[in-house]
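Structural features, examined
Now for the letters of each chain:
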Amino acid sequence: MRHIVLRTALACAAWWGLAGCGRTVPADGELAVIPQPASVGLAEGSFLLSARSPIVVGMEGAEPVARALDQVGEALFGRPLRRADSPAAGAVVLRRDTALAGEAYALTVSPEGIDIAAGSPAGAFYAVQTLRQLLPPEAFGAGDVRRAEIPCLTIVDEPCMRYRGVMLDAARHFFTVDEVKRLLDILALHKINTFHWHLTDDQGWRIEIRKYPRLTEFGSVRTRTLIGRDPGGEYDETCRFDETPYGGFYTQQEIRDVVAYAAERFITVIPEIEFPGHAVSALASYPWLGCTGEQYEVRQTWDIDDRVYCPGKETTFEFIENVLAEVAELFPGPYVHIGGDECPMTYWKGCPHCRARMRSEGLTHWRQLQNYSTARLERFLNARGKQLIGWDEILEGEVTPTATIMSWRGTEGGIRAARQGNYAIMSPGTYCYFDHAQAVGEGEPLSWGGYLPVDKVYAFDPCAGLTPGERRFILGVQANLWTEYIADFDHLQYMLLPRLSALVETAWSLDRKDWEDYRRRVDRLRRLYDACGYNYARHLWAE
Ligand code: ACM
Ligand code: ZN
């Protein structure tokens, strides 16, 4: 069903409800939702949401949606909304509509109440996120509002892309469970449905693995951290280090807690365990995992490292499969990401075990040794009901038809994957790397990589160059927050916002993007960021 999209400001919304005591916060006259809904039909009048508005949960599995509405109640009125068994005047009704697809919803606000129909609880949850943006932003966090006005309208909406992701690198810098949950709250507001958690890298191992305690006892701590710009391998006395030992990891109980918190927000968590590269923290913990058996330190600087897992030894596979077995148990989602990026083969070439593996498997190119390893891990994961994702390097040589490719070195990897029938997620550095600077000038924090302003993020077309048949294989898009130079949660939010609001229009509203209109709408979203206490690049609105 297509509706006409009304983008006019909501002029002269009727405002009534001054009767009674307490503060009534009027609608501000502007209709501005991000990501842009598929259709918006405005109607006359408005509805006044109050602490007395009951929620009617008429849909199985929608309790998390009711709890999301409770949080709206707490932010506005200082208390959750109450429940009712049947629709009554002024109620917020959640109900299933089988005509709507999985993540689709229809939100109708009338003077009598709010009706949320959805194909699944996830769709109803997205309707609540839209509702949050229809409420007066200033009312959020007040906690003492008596009534908040919402304009009457009907929104029918669904995402263009089924995968809408954000990756957090918790290895280069560690973020606490509480911070990860606050990040998940931000993702939920933007209708992101996947949280990719980068849990291991050269500079720290961040997930408890019961079978291998040294990974966290030893591999989670580096003795110092490079804080100046990385000169690319030539380290001398001009490099500045923070000499404080740096560490942190998540216990399995904490992982389960985060996964449950995400599920409550209809966000699937994808764990990433890097293999065979980006492995120094593992090799430092168990030196027999490397080709030479040398004892290393957990890495203190950035960039690519030659010291990688030895795929020649069976003990390496026994290790990584035991790790993945615990990981597969902890994360109920369908995917496990095994990294696969930036794996130099320097050590393999001089290793008798790797050379023997090449001979015994009939491999003729060194890259095939990585292909062999990836395919072996994929079989292991598939046997546990999981699908493998890897960065686009796993396409080099040969990849199985069932691996999912995360395209980061441009979109070429994703295009190649789609053309050969592999599913792909587009996350190219040029449009999706939020560790890059979003502005230039004094006061901008040190950042990794290039320059990625918000208008460039907005301009991203993940399906450019693909036929309609090939586009079917592009699952969606993802923003990546690598954290070499992002050491705290305030800075993390600054790098994420507002760019996430631009990227999510590509994921959710690809067929209706409009930069000028987005600029108008993002100004209202900013007021909600303010009310929620989010840190964002405020000066981008100053022009
Ligand atoms: C990557 O940025 N190395 C995936
Ligand atoms: Zn080796």
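In what follows, the structure referred to is the one given above.
Note on placement: Arg499 falls in helix 16 (residues 499-509). Judged by its relative accessible area of 0%, Arg499 falls in the buried class. Separated by 37 residues in the primary sequence, Arg499 and Tyr536 have C-alpha atoms spaced 9.2 Å apart. Within the structure, Arg499 has its side chain in polar contact with the backbone oxygen of Phe434 (distance 2.7 Å).

For the zinc ion (ligand 2), every protein donor is listed as Cys291 (SG), Cys310 (SG), Cys351 (SG) and Cys354 (SG), and the spread of their distances is 2.3 to 2.4 Å. Mapping the donors of the zinc ion (ligand 2) onto the primary sequence yields the spacing C-x18-C-x40-C-x2-C. With a gap of 63 residues between them, Cys291 in the loop between helix 6 (280-285) and helix 7 (314-330) and Cys354 in helix 9 (residues 352-361) connect regions that are remote in the sequence. Overall, the relative accessible area of 13% leaves Cys291 in the buried class. A residue is classified by how much of its surface remains accessible, and Cys354, at 0% relative accessible area, is buried.

The next subject is the side chain of Glu321. Its place among the elements puts Glu321 in helix 7. With a relative accessible area of 18%, Glu321 lands in the buried category. The residues touching Glu321, leaving out its near neighbours within four places in the chain, are Arg376, Leu377 and Phe380.

Another point: helix 17 (residues 515-532). The end-to-end C-alpha separation of helix 17 is 25 Å, in line with the 26 Å expected for 18 residues at 1.5 Å each. Every buried residue of helix 17 is accounted for by Asp517, Tyr518, Arg521, Val522, Arg524, Leu525, Leu528 and Tyr529. At its buried positions, helix 17 is contacted by helix 2 (121-134), helix 3 (177-189), helix 13 (454-458) and helix 16. Put simply, Asp514 is the residue that caps the front of helix 17, since its side-chain oxygen is 3.2 Å from the backbone nitrogen of Glu516. After helix 17 finishes, the residue Gly533 shows a positive phi value of roughly 80°.

Rules used in this analysis
- Per chain, residue numbering runs from 1 following the sequence as it is written.
- Lettering for chains starts from A, numbering for ligands starts from 1, and both go in the order in which the items are written.
- Selection of residues for local features in this predicted model requires a pLDDT of at least 70, selection of side-chain atom pairs for listing and counting requires 80 or more, and totals for whole chains, interfaces and linings are taken over all residues.
- Calculated side-chain values reflect all of the structure's heavy atoms, with hydrogen atoms and water omitted.
- Starting at the N terminus, helices and strands are each numbered in turn, a helix being any DSSP run of H or I of at least four residues and a strand any DSSP run of E of at least two.
- Throughout, exposure labels follow a simple rule: accessible area from a 1.4 Å probe, protein chains only, divided by the maximum for the residue type, with under 20% read as buried, over 50% as exposed, and the rest as partly exposed.
- Any N or O atom pair separated by 3.5 Å or less is treated as a polar contact, with the protein-specific requirement of one donor-capable and one acceptor-capable atom, and with residues adjacent in sequence counted only for side-chain atom pairs.
- For Na, K and Ca the donor cut-off is 3.2 Å, and for all other metals it is 2.8 Å, counting N, O and S atoms only; because water is absent from this set, sites may look incomplete.
- By the convention used here, residues are in contact when the closest approach between their heavy atoms is within 4.5 Å.
- Take the number of residues in a helix, subtract one, and multiply by 1.5 Å to get its expected span.

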